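Reading the structure
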Amino acid sequence: MSDRSDKLDQLKTSAFDRRFSIAKASFVAGTRWATANASSMFANEETKSKKRKQAMSEQANYLVQEIGKLKGSIVKIGQMMALYGEHFLPEEITEALHTLNNNTVALSWPAIKTQLRHELGVKLDDLTIDHEPLGTASLAQVHRAIRKSDGLEVVLKIQYPGVAEAIDSDMSLFRNMLKLTRMVPQTREFDEWFEEVREMMHREVNYHMEADTTRRFYERLKDDGRYIVPQIIDEYCTDRVLCMTFERGVPVNSPVMLSLPQARRDKLGEASLEVTIREIFEWGEMQTDPNFGNYLVRLGNGKEIEDKIVLLDFGAIRQFDQNLLNVARGLIVAGYHHDLNKMVDAMQGYSFFDQMPASVKPGMAKVFLLATESFSSLQNNPDLPPGIMDADGKYNWRKSQLHARVIKQAGESMASRYFSVPPKEFMFISRKFIGAYTFMTVIDAHTNMRKMLEAHL
């Protein structure tokens, strides 16, 4: 979230204004795209390909600039498309969408106070609220407050007026924009992922659902001293306001993190990964947004007060059916044994894998073996690169360069003409593990994954 001091008195949520802006931008981008294609018609294939990529990149960046001016839910839609669009959008478009960030101009305090008074009524007088937001995003901004009666520090996540009601119309605007520019093929995968983004958008603004999920994770982790989950303060929660305890901490990528002794970083890494494992093996639901902004670390003193991971933002929770959970667990267990045949067997009974020819499955299984190599051991995995696992089974995440190696291996396997876009649920789990692995790499943790997993075998 941004801490910019610029302020707006209101967001532009007029359907007419937004339709006009997007239609105009789409027409301009589409015309430029068509012109670029026509101008390269007689070029050789290599030159034509380069010109098409350059033209698409230029028009995609232009569209993203226009989207950014509208703010609100259409910016969030663009951000989600950047996260998941790699499965159905051209690379040039996803790269441009990644430049959409959360440097959203904040609503002014008078506008926020009006929204709070409408939502909380006289309860607003119970609180002393900081006028400057802790952060702003495309759908909401967060303010710290103190309850006057007992001094309790809380945060209020305040949804911007009109953004929830604008989601469906903004989704339609976004889809029409992509159609009008003719830069995106309209495929079944595109339709499925587009509808998934629509569902995610509606979950993002459902604060009652987010409150319920936060409570569940609080109950699961409240007795484990390694974690902090904010407590929901019900009396100040409404359809458009979410209130919870204020929890202090430093960002995961803060320089102070790398100054911690190796043993403390290792413990934090193991705690982070353990949540991901428990989501799969115990709880059957997962926080699928591994954004570093959703985590803080409350530092201890290295002695009697231990470091704790603060888990924030439970708006992106996904529940998974038992069949998918069994497949995911089987893949992890096969990685533990580092057994190619077990990995192929674990891929049975799931339509995405079942539709593949038998000749293709070993290649995919090798991708999963590589992705789960941190669960293997020096004894059962002769393919482990030298020096990335010590005699105690601790895996050196930074040295492993696992993410880059998995991407390379997956690229080779996905080159098969039999490969299709994985189901969205499977990709959510994959993205969460990638996020967890990145967490380990950033804090330079060395963790024993086998010991963690054995409790669930």
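Residues numbered from 1 in each chain as written. Predicted model: local features only at pLDDT ≥ 70, side-chain atom pairs only at ≥ 80, totals over all residues. Heavy atoms only, no water.

With that settled, the discussion passes to the overall build of the chain. Summing up its helical and strand segments, the chain has 18 helices and 15 strands in all. Taking all 457 residues of the chain together, the buried fraction comes to 52%. Counting every atom, the chain has about 21,300 Å² of accessible surface; 52% of that belongs to carbon and sulfur. (Helix = DSSP H or I, 4+ residues; strand = E, 2+ residues; numbered from the N terminus. Buried < 20%, exposed > 50% of the residue type's maximum accessible area, 1.4 Å probe, protein only. Areas by Shrake-Rupley, 256 points an atom, 1.4 Å probe, with all protein chains shown as cover.)

The next point concerns the pattern of salt bridges. Evaluation of the coordinates by the stated rule reveals 28 salt bridges. Two residues, Arg-175 and Asp-191, come together in a salt bridge whose shortest N-O distance is 2.3 Å. In this pair, Arg-175 sits in helix α6 (residues 163-181) while Asp-191 sits in helix α7 (residues 188-204), placing the two residues 16 residues apart along the sequence. By relative accessible area, Asp-191 is classed as partly exposed at 31%. Among the charged side chains, a network of salt bridges with common partners joins Asp-130, Arg-144, Glu-153 and Arg-248. (Salt bridge = Lys/Arg side-chain N within 4 Å of Asp/Glu carboxyl O.)

The subject of this paragraph is the nonpolar core. The tendency in soluble globular proteins is for nonpolar side chains to be buried side by side. Formed by 120 residues in total, the largest nonpolar core has its most connected members in Leu-116, Leu-156, Phe-174, Leu-311, Phe-353, Phe-375 and Phe-433. Among the elements that take part in this core, helix α17 (residues 424-442) stands out by supplying 9 residues, more than any other. Each residue touching Phe-433, except ones within four places of it in the same chain, is listed here: Thr-276, Ile-277, Ile-280, Met-286, Ile-332 and Phe-375. (Core = buried A, V, L, I, M, F, W, Y, C linked by side-chain atoms within 4.5 Å. Contact = heavy atoms within 4.5 Å.)

A few words now on helix α3 (residues 73-84). With 12 residues, α3 ought to run about 16 Å at 1.5 Å a step, and its terminal C-alpha atoms sit 16 Å apart, in line with that. By the criterion of burial, α3 is predominantly enclosed, with 11 of the 12 residues buried. Listing the buried residues of α3 in full gives Ser-73, Ile-74, Val-75, Lys-76, Ile-77, Gly-78, Gln-79, Met-80, Met-81, Ala-82 and Tyr-84. (Expected span 1.5 Å × (residues − 1).)

Take the pairing of strand β6 (residues 153-159) next. For β6, a buried count of 6 out of 7 residues is recorded, marking the element as mostly surrounded by other parts of the structure. Pairing of strand β5 (residues 140-147) with β6 involves 7 bridges; the strand directions are antiparallel. The partner of Ala-145 across the bridge, within β6, is Val-154. The pairing of β6 with strand β8 (residues 241-245) spans 5 bridges and is antiparallel. (Pairing = 2+ DSSP bridges.)

Another aspect to go through is the confidence of the model for the chain. When pLDDT is averaged along the chain, the result is 83; 81% of the residues meet or exceed 70. Contacts from residues 36-43, a stretch scored under 50 in pLDDT, to residues over four places away or in other chains number 6 contacts. (pLDDT = per-residue confidence, 0-100.)

To continue, consider the sheet that holds strand β11 (residues 295-298). Overall, mixed pairing links the 4 strands, which are arranged β7-β12-β11-β9 in an open sheet. Each of the sheet's edge strands pairs with one partner strand only, and the pair in question is β7 (227-228) and β9 (250-251). The sheet contact formed by β11 and strand β12 (residues 308-311) spans 4 bridges and is antiparallel. In the sheet register, Tyr-295 faces β12, and the bridge partner there is Leu-311. Here helix α10 (residues 262-283) sits on the sheet in contact with β7, β11 and β12, set at roughly 40 degrees to β12. (Axes fitted to C-alpha atoms, helices over the stretch in contact; angles between N-to-C directions.)

This part covers unusual backbone geometry. Where the residue is not glycine, phi is negative for most of them; where a peptide bond is considered, it is trans in most cases. Positive phi outside glycine occurs at His-338, with the angle close to 50 degrees. Position of His-338 among the secondary structure elements: in the loop between α11 (322-337) and α12 (340-346). On the basis of relative accessible area, His-338 is assigned to the buried category, the value being 15%. For Gln-401, which is not glycine, the phi dihedral falls at a positive 50 degrees. Considering the arrangement of structural elements, one finds Gln-401 in the loop between α15 (397-400) and α16 (402-413).

According to the stated counting rule, one finds 8 aromatic pairs in the structure shown. When the centroid spacing of 4.7 Å and the interplanar angle of 70 degrees are considered together, the rings of Tyr-395 and Trp-397 count as edge-to-face. On the accessibility criterion, Trp-397 (1% relative accessible area) is buried. Residues Phe-433 and Tyr-437 carry aromatic rings whose centres are separated by 6.2 Å and whose planes lie at 75 degrees to one another, so their mutual orientation is edge-to-face. You can see Phe-433 and its partner Tyr-437 sitting in helix α17, 4 residues apart, about one turn around the helix. Residue classification places Tyr-437 among the buried residues on the basis of a relative accessible area of 11%. Residue placement shows Arg-144 over the ring face of Phe-246; its charged tip is 4.8 Å from the ring centre. (Phe/Tyr/Trp six-rings, centres within 6.5 Å; stacked < 30°, edge-to-face > 60°. Lys NZ or Arg CZ within 6 Å of the ring centre and 35° of its normal.)

What follows concerns the side chain of Lys-157. Relative to the assigned elements, Lys-157 resides in strand β6. At a separation of 3.2 Å, a polar atom in the side chain of Lys-157 contacts the side chain of Glu-210. Not counting chain neighbours up to four residues away, the residues in contact with Lys-157 comprise Ala-140, Gln-141, Val-142, Tyr-207, Glu-210, Arg-240, Val-241, Leu-242 and Asp-313. (Polar contact = N/O pair within 3.5 Å; in protein donor to acceptor, adjacent residues only side chain to side chain.)

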